[in-house]
Every structure is written in structure tokens, then in C-alpha cells.
Amino acid sequence: MRTEDAVDAEGVPISLSHPTLEFRTADGRTVAFEERRRQLDVAGGGFVTVYYVEDAPEAATARTPSFLVRRARGLTAGLGCVLALVTAGVLAALL
């Protein structure tokens, strides 16, 4: 846990804590990172769900991904299928 002294918007001194999280990827690699995007209430040695892209585990976060991020692959595939069907319909009408 790293602690940082700062000043809030009203000029009041505050202390910010940034926990260092460590996890093991599916291929067995150990990755450590400092969570700066979210305050965590976890005791040392506790468990946290970590989200990361398989190709870039160093960019991990404990913040839950948004709906669009979690569904991006399916949405992209679905939009591609709709575009293909529309294109096929237009081409069939023209030919």
C-alpha cells in the first residue's frame, strides 16, 4: 500500500492510498500493478477481482468494465452481420 499526501479542492490536506495488487495470468505469469482508478477497501492479503486484456495484463484494473466494454466483441460481430445483410439486400435489388 502506497500512501500519498494531497490537498482536496477546498485546500484541506488529505491522504490517498493506492494498493498494489498482484495476480497470476492464465499462462502462469505474475503481474503486479498499482490501482489508481478506484479506492479499495481490502485488507492486506485479501482477494479482489481483477479485469485485464489477455494481451496486456499490465493494464489491469479492479474497476468493473462498463457494459459496452464487456460486450464489445459481440456487438461488433452483430453489427457486422447486419451490415452484411443490408449490403446483400441492396446488391440483390440492384442486380
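Residues numbered from 1 in each chain as written. Predicted model: local features only at pLDDT ≥ 70, side-chain atom pairs only at ≥ 80, totals over all residues. Heavy atoms only, no water.

Caption draft 1: Layout of the pattern of salt bridges. With the rule as written, the count across this model stands at one salt bridge. One salt bridge connects Arg29 with Glu58, and the closest N-O pair in it is separated by 2.2 Å. Here Arg29 is found in the loop between β3 (20–24) and β4 (30–34), whereas its partner Glu58 is found in strand β6 (residues 56–61), with 29 residues between them in sequence. What makes Arg29 partly exposed here is its relative accessible area of 37%. (Salt bridge = Lys/Arg side-chain N within 4 Å of Asp/Glu carboxyl O. Helix = DSSP H or I, 4+ residues; strand = E, 2+ residues; numbered from the N terminus. Buried < 20%, exposed > 50% of the residue type's maximum accessible area, 1.4 Å probe, protein only.)

Caption draft 2: Expanded view of the nonpolar core. Leu21, Phe23, Val31, Phe33, Ala60 and Ala62 together form the largest nonpolar core, which totals six residues. Going through the elements one at a time, β3 and β4 are the ones with two or more residues in this core. The contact partners of Ala60, leaving out residues within four places of it in the chain, are Phe23, Phe33, Val50, Tyr51 and Tyr52. (Core = buried A, V, L, I, M, F, W, Y, C linked by side-chain atoms within 4.5 Å. Contact = heavy atoms within 4.5 Å.)

Caption draft 3: Structural view of the packing of aromatic side chains. As enumerated under the stated definition, the model contains two aromatic pairs in all. Ring plane angle 75° and centroid distance 6.0 Å describe the contact between Phe23 and Phe33, whose orientation is recorded as edge-to-face. Placement of Phe23 in strand β3 and of Phe33 in strand β4 is noted, with a sequence separation of 10 residues between them. Owing to a relative accessible area of 7%, Phe33 belongs among the buried residues under this scheme. Ring centres 4.8 Å apart and planes at 35° place the aromatic pair Phe23 and Tyr52 in the tilted group. Taken together, the residues span a long stretch of sequence, with Phe23 in strand β3 and Tyr52 in strand β5 (residues 51–53) at a distance of 29 residues. For Phe23, a relative accessible area of 12% translates into the label buried. (Phe/Tyr/Trp six-rings, centres within 6.5 Å; stacked < 30°, edge-to-face > 60°.)

Caption draft 4: Highlighting the side chain of Thr25. Note that Thr25 resides in the loop between β3 and β4. Non-local contacts of Thr25, meaning those with residues more than four positions away in its chain, are made with Val31, Tyr52 and Pro57.

Caption draft 5: View of a nonpolar patch on the surface. A surface patch of nonpolar side chains, amounting to about 640 Å² of accessible area, comprises Val82, Val86, Val90, Leu91, Leu94 and Leu95. Considering the arrangement of structural elements, one finds Val82 in helix α1 (residues 67–94). (Patch = residues over 30% accessible without salt bridge, like charges linked within 9 Å, V, L, I, M, F, W, Y side chains within 5 Å. Areas by Shrake-Rupley, 256 points an atom, 1.4 Å probe, with all protein chains shown as cover.)

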